[in-house]
Amino acid sequence: MLLDEIKRAVREGEEDKIKELVEQALAQKLQPRDVLEQAMMPAMQEIGELFSRNEAFISELLCAAEAMNAGIEILKPHFTGAIRNKGRIILGTVEGDIHTIGKNLVRICLESAGYEVLDIGENIKAQDFVKAYIKEKPDILGLSALLSSTATYMESVIREVRAVDKSARIIIGGAPVTQAFADKIGASGYAANAFDSIQLVNNLLV
Ligand code: B12
């Protein structure tokens, strides 16, 4: 089945093949969200599990990430809606962490829901989050972390941003992050995936 083929192609890092398969899925009227949730995201999960069992190399993770990004590029126009000025959000991955795919998907989903998103990139120091926050005055700041070690750094970012605006709304996410962790470090909210981040932001901005 096509979704299985997409999953395999992401896992194996077949960048050209994935473009072809995702185009095919769209032509067959498969929902972009299903392509992401039922094929591409589980593929990243699987390659991650292989890596943690020493059954995949870092180079294979990178190839899978490139294939994932290539697929996302094809799906993107099918998500992105017009910016309707519902609010401004700054997104970034915290210092020491260069994982970007999840953050990029959160951006696509929030933009499709009508938010203006400023993506300030990855490996961002707390002070640079503070500078961006002061300059852009966003309604919400979103932090991403994929490593257990960098997730702990989120607490410092929250502390430093709240030192300049004590009511700053800061949301967090990423594989090692949980609601309990978000509560513990005083985040304003947490979402387990990009689609849920829309409801989270909607609720915070009512
Ligand atoms: C691809 C990948 C890489 C790529 C990243 C490429 C890129 N451009 O992003 C590369 C090869 C660079 C990489 C490097 C490393 N990685 Co890596 N990587 C992965 C992998 C396989 C997939 C991550 C991914 O893209 N997932 C798909 C996306 C869609 O999911 P997501 O990121 O979780 O995002 C979703 C949610 O979390 C949420 N979300 C994310 N951010 C935010 C933010 C907000 C505000 C909200 C609301 C929601 C939200 O919404 C997203 C979409 O639904 C994971 C495995 C895994 N299970 O996560 C390992 C993994 C994260 N990596 C791991 C490790 C150990 C490393 C390295 C240390 C390996 C090494 N020895 O060098 C380095 C660290 C580099 C660094 N300093 O950051 C470990 C982390 C273990 C841990 N708990 O600390 C994992 C879990 C693999 C494993 N099982 O061992 N990696």
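See the structure printed just above.
All residue numbers here refer to positions counted from 1 along the written sequence of the relevant chain. At least 70 in pLDDT is required for a residue's local features to be given in this predicted model, at least 80 for side-chain atom pairs to be given and counted, and no such filter applies to totals for whole chains, interfaces and linings, which use all residues.

Trainee: For this particular structure, what's the right way to read the environment of Glu23?
Mentor: Each helix is a run of H or I in the DSSP string that is no shorter than four residues. Each strand is a run of E no shorter than two, and both are numbered from the N terminus. For Glu23, the location among the structural elements is in helix H2 (residues 15–27). The burial label depends on the number of other C-beta atoms within 10 Å of a residue's C-beta. Counts of 20 or more mean buried, 12 or fewer mean exposed, and intermediate counts mean partly exposed, with C-beta atoms placed from the backbone. The class of Glu23 is partly exposed, set by 13 C-beta atoms lying within 10 Å. Between the alpha carbons of Glu23 and Gly13 there is a distance of 17 Å; along the sequence they are 10 residues apart.

Trainee: I tried to follow the site of the ligand on my own but got confused; where do I start?
Mentor: Each residue receives a C-beta atom built from its backbone; the residue is near a molecule or strand if that atom lies within 6 Å of it. For the ligand, the set of nearby residues contains 38 residues, the closest of which are Gly48, Gly102, Gly142, Ser144 and Gly173. Secondary-structure elements contributing two or more residues to the shell around the ligand are helix H3 (32–52), helix H4 (58–75), helix H5 (101–112), strand E3 (140–144), strand E4 (170–173) and helix H10 (194–204). The leading source of residues in the shell around the ligand is H3, at 8 residues. Classification convention: Asp, Glu, Lys, Arg as charged; Ala, Val, Leu, Ile, Met, Phe, Trp, Tyr, Cys, Pro as nonpolar; all other residues, Gly among them, as polar. Looking at the shell around the ligand residue by residue, the class counts come to 21 nonpolar, 14 polar and 3 charged.

Trainee: Sorry if this is basic, but what is going on with the pairing of E3 here?
Mentor: Remark: a regular strand shows side chains that alternate across the two faces of the sheet. Judged by how many residues are buried, E3 sits mostly within the fold: 5 of 5 residues are covered. Burial along E3 is two-sided: Ile140, Gly142 and Ser144 and Leu141 and Leu143, pointing in opposite directions, are all buried. Note: two strands are recorded as paired if DSSP finds a minimum of 2 bridges between them. Summarising the sheet, strand E1 (residues 88–93) and E3 pair through 5 bridges and their orientation is parallel. Looking at E3, one finds that Gly92 is bridged to Leu143.

Trainee: Honestly, the packing of helix H1 (residues 2–11) against H2 in this entry has me stumped. Any pointers?
Mentor: Helix-helix packing: each pair is described by the crossing angle between the helix axes and the interaxial distance. Structural elements are reduced to axes, namely lines fitted to C-alpha atoms, with helices fitted over the stretch in contact, and the angle between N-to-C directions of any two is expressed from 0 to 180 degrees. Contact geometry of H1 with H2 gives a least axis separation of 9 Å together with a crossing angle of 155 degrees. Between H1 and H2, the interaxial angle falls into the category roughly antiparallel. Here H1 and H2 pass one another in a crossing that is left-handed. Contacts between H1 and H2 involve Leu2, Glu5, Ile6, Ala9 and Val10 on the former and, on the latter, Lys17, Ile18, Leu21, Val22, Gln24 and Ala25. Taken together, the residues that form the contact of H1 with H2 break down as 8 nonpolar, 1 polar and 2 charged. For classification, angles of less than 35 degrees are called roughly parallel, those exceeding 145 degrees roughly antiparallel, those between 65 and 115 degrees roughly perpendicular, and all remaining angles oblique. Crossing handedness follows the turn of the near helix against the far one: under a right angle anticlockwise gives a left-handed crossing, and clockwise gives a right-handed one. Here, residue contact means that the backbone-derived C-beta atoms of the two residues sit within 7 Å.

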